[in-house]
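# Summary of structural features
Here are the chains, one letter per residue:
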Amino acid sequence: MGCGRVGSTLARSLEDRNHTVSVIDSEPDAFRRLGPGFNGDKVTGYGFDQAVLEKAGIRRADAFAAVSSGDNSNIIAARVARETFGIQQVVARIYDPGRAEVYQRLGITTVATVKWTADQVLRRLLPAGAEPDFRDPSGTVRVDQVPVPEVWVGQRTVLFQEQTRSRIAWIDRLGEGMLPNRESMLQEGDVIHLAMREADAASVFEVIAAGPEER
């Protein structure tokens, strides 16, 4: 539901991945954003209206995304999709971070647009380690994106993990993700996605900055 910039981009992206997509919007002109190559259904109406959802094929759907410009419309539509039609994979776009947290606890996955955007900008402004990419709901574990310092280039990933007391989830290398094994070596240009305990973060980054201990 919603054929603005986010909805139209999402619809085309899903179709590019060979999914069948129906798009709902209250304004017929909005469907022009989909372009001439879009093959899915275009349904004019409100996405929280059960008859409109039926017309869009909700009973055949595996997932539903509510990405209109209105928080209330998105939440109502998401709840109808989940509670009336039994769709388990439901995502709602929410501008108000406080409300997003409430609905998250009700089992509706939410994307708090303002908070997400601010967090993305924040991570790019602050130095490595200042703000993680991810923090689990309990605040115990975090995941950070760390460019490999020159002092660690050529070292085995196993040694890096042992000395920093962290875990490498994956490595971005030359534009591709890779999972390290016991023989993997850190290379220049690598970006590590590093999981660690929140309580250990300061010491982890101190060890990374200091470089490997000689053995």
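Up top is the structure these notes are about.
Residues numbered from 1 in each chain as written. Predicted model: local features only at pLDDT ≥ 70, side-chain atom pairs only at ≥ 80, totals over all residues. Heavy atoms only, no water.

### Description of unusual backbone geometry
- Non-glycine residue asparagine 18 carries a positive phi angle of around 70°.
- Along the chain, asparagine 18 turns up in the loop between α1 (5-16) and β1 (22-25).
- Not every positive phi belongs to a glycine, and arginine 165 is a case in point at roughly 55°.
- Considering the arrangement of structural elements, one finds arginine 165 in the loop between α6 (157-164) and β8 (167-173). (Helix = DSSP H or I, 4+ residues; strand = E, 2+ residues; numbered from the N terminus.)

### Focus on the packing of aromatic side chains
- Within this structure, the stated rule accounts for two aromatic pairs.
- For the ring pair tyrosine 46 and phenylalanine 48, a centre distance of 5.6 Å and an interplane angle of 25° mean the geometry is stacked.
- Using a relative accessible area of 31% as the deciding quantity, one classes phenylalanine 48 as partly exposed.
- Ring centres of tryptophan 152 and phenylalanine 160 lie 4.9 Å apart, and the angle between their planes is 75°; this geometry places the pair in the edge-to-face category. This pair shows no difference in class: tryptophan 152 is buried, exactly as phenylalanine 160 is. (Phe/Tyr/Trp six-rings, centres within 6.5 Å; stacked < 30°, edge-to-face > 60°. Buried < 20%, exposed > 50% of the residue type's maximum accessible area, 1.4 Å probe, protein only.)

### Considerations on the side chain of asparagine 74
- Note on placement: asparagine 74 falls in helix α3 (residues 71-84).
- Of note is the side chain of asparagine 74, whose polar atom sits 2.7 Å from the side chain of serine 68.
- Looking at asparagine 74, its side chain comes within polar contact range of the main-chain oxygen of arginine 93, at 2.8 Å.
- Setting aside its immediate chain neighbours within four residues, asparagine 74 contacts Met1, Ala66, Val67, Ser68, Ala92 and Arg93. (Polar contact = N/O pair within 3.5 Å; in protein donor to acceptor, adjacent residues only side chain to side chain. Contact = heavy atoms within 4.5 Å.)

### Considerations on the sheet that holds strand β3 (residues 63-66)
- The three strands lie next to each other as β3-β4-β5, forming an open sheet whose pairing is parallel. The sheet is open, and its two borders are formed by β3 and β5 (109-112), each paired with just one other strand. On average, each strand axis in the sheet is tilted by 15° relative to the strand beside it, whichever way the strands run.
- For β3 and strand β4 (residues 89-94), the ladder comprises four bridges, and the chain directions are parallel. Bridging from a neighbouring strand, alanine 66 pairs with alanine 92 of β4. (Pairing = 2+ DSSP bridges. Axes fitted to C-alpha atoms, helices over the stretch in contact; angles between N-to-C directions.)

### A look at the environment of glutamine 187
- Along the chain, the position of glutamine 187 falls in the loop between β9 (176-178) and β10 (191-197).
- Its relative accessible area of 37% is what places glutamine 187 among the partly exposed residues.
- The spatial distance from the C-alpha of glutamine 187 to the C-alpha of glycine 4 is 42 Å, given a sequence separation of 183 residues.
- Beyond its immediate sequence surroundings of up to four residues, glutamine 187 is in contact with Val148, Val153 and Arg173.

### Focus on the pairing of β3
- Side chains Phe64 and Ala66 of β3 all project onto a buried face; the interleaved residues Ala63 and Ala65 project onto a face where none is buried.
- Following the chain from β3 across α3 to the adjacent parallel β4, one finds a crossover that is right-handed. (Right-handed = clockwise from strand over helix to strand, strands pointing away.)

### Let's talk about the nonpolar core
- Of all hydrophobic cores here, the largest spans 23 residues; its most connected members are Leu53, Ile58, Phe64, Ile87, Val90 and Ala92.
- Breaking this core down by element, the ones donating at least two residues are α2 (50-55), β3, α3, β4 and α4 (97-105).
- Here the element with the most residues in this core is α3; it accounts for five residues.
- Residue contacts for phenylalanine 64: discarding those within four places in its chain leaves Met1, Gly47, Leu53, Ile58, Ala77, Ala78, Ala81, Ile87, Gln89, Val90 and Val91. (Core = buried A, V, L, I, M, F, W, Y, C linked by side-chain atoms within 4.5 Å.)

Keep in mind that these numbers describe shape and distance, not what the molecule does.
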